[in-house]
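Structural characterization, general
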Amino acid sequence: MFEEGYQTIALDNLLNGHKDLIKWGEFVLGDLKDIKLLNSVFKKYNIDTVVHLAALTSVNESVQFPAKYYKNNFQYTLNLLNVMEKFNAGKFIFFSTASVYGEPDSIPISKK
Ligand SMILES: NC(=O)c1ccc[n+]([C@@H]2O[C@H](COP(=O)([O-])OP(=O)(O)OC[C@H]3O[C@@H](n4cnc5c(N)ncnc54)[C@H](O)[C@@H]3O)[C@@H](O)[C@H]2O)c1
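Residues numbered from 1 in each chain as written. Predicted model: local features only at pLDDT ≥ 70, side-chain atom pairs only at ≥ 80, totals over all residues. Heavy atoms only, no water.

**Side note on the side chain of Asn-72**
Heads up, the rule is: Helix and strand labels come from DSSP, where a helix needs a run of H or I of at least four residues and a strand needs a run of E of at least two; each type is numbered from the N terminus. N or O atoms closer than or at 3.5 Å make up a polar contact, with two conditions inside protein: a donor-capable atom paired with an acceptor-capable one, and, for residues adjacent in sequence, both atoms drawn from side chains. It only takes one pair of heavy atoms within 4.5 Å for two residues to be counted as in contact.
Among the secondary structure elements, Asn-72 is positioned in helix α3 (residues 66–86). Reaching out from Asn-72, the side chain makes a polar contact with the side chain of Asn-73 at a distance of 3.2 Å. Setting aside anything within four residues of it in sequence, one finds Asn-72 in contact with Ala-54, Ala-55, Leu-56 and Thr-77.

Here's what the structure looks like:
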């Protein structure tokens, strides 16, 4: 993305992330639960595309603490989508989980 001339901004609460691994663009330390912060980021930068990777991903923990996962992965994603709508940031790329597709007949999964 960087080589293509895109300006990137990474927002992460660093709960499971590592700042050293952010090699390009700007970094904002923050959480998707913080609607005020999201508004200020979208106000500061003219964001047209969001790549959403900010999820909790432990299956075991999600079974143990479903409300925590519901909040982080669903409710906080809605925060982001609402702010995106407000600022007309139209493109949203969501990293779902391959688990929702079931068992594939072959790997890699074909388009057919
Ligand atoms: N690893 C896989 O095999 C895989 C497969 C399919 C999809 N995904 C998806 O890709 C995305 C990234 O997965 P990963 O394996 O790199 O996990 P990861 O835990 O390494 O990355 C998730 C990042 O999101 C941050 N984060 C979590 N909640 C946040 C919040 N509320 N606000 C701000 N930052 C927050 C964490 O600190 C972490 O840096 C997830 O959406 C996951 O569901 C992963």
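**A few points about the packing of aromatic side chains**
The following threshold applies: Put simply, two rings from Phe, Tyr or Trp (the six-membered ring, in Trp's case) pair if the centres are within 6.5 Å, and we call them stacked under 30 degrees between planes, edge-to-face over 60, tilted for the rest. When a residue's accessible area, from a 1.4 Å probe over protein chains only, is under 20% of the maximum for its type it is buried; when over 50% it is exposed; and in between it is partly exposed.
Across all of its chains, the model carries 3 aromatic pairs by this definition. Geometrically, the ring pair formed by Tyr-70 and Phe-74 is tilted, given 5.1 Å between the ring centres and 45 degrees between the ring planes. Separated by 4 residues within a single helix, Tyr-70 and Phe-74 lie in helix α3, roughly one turn from each other. Relative accessible area serves as the criterion here: at 41%, Phe-74 is assigned to the partly exposed category.

The values are spatial; any link to function lies outside them.
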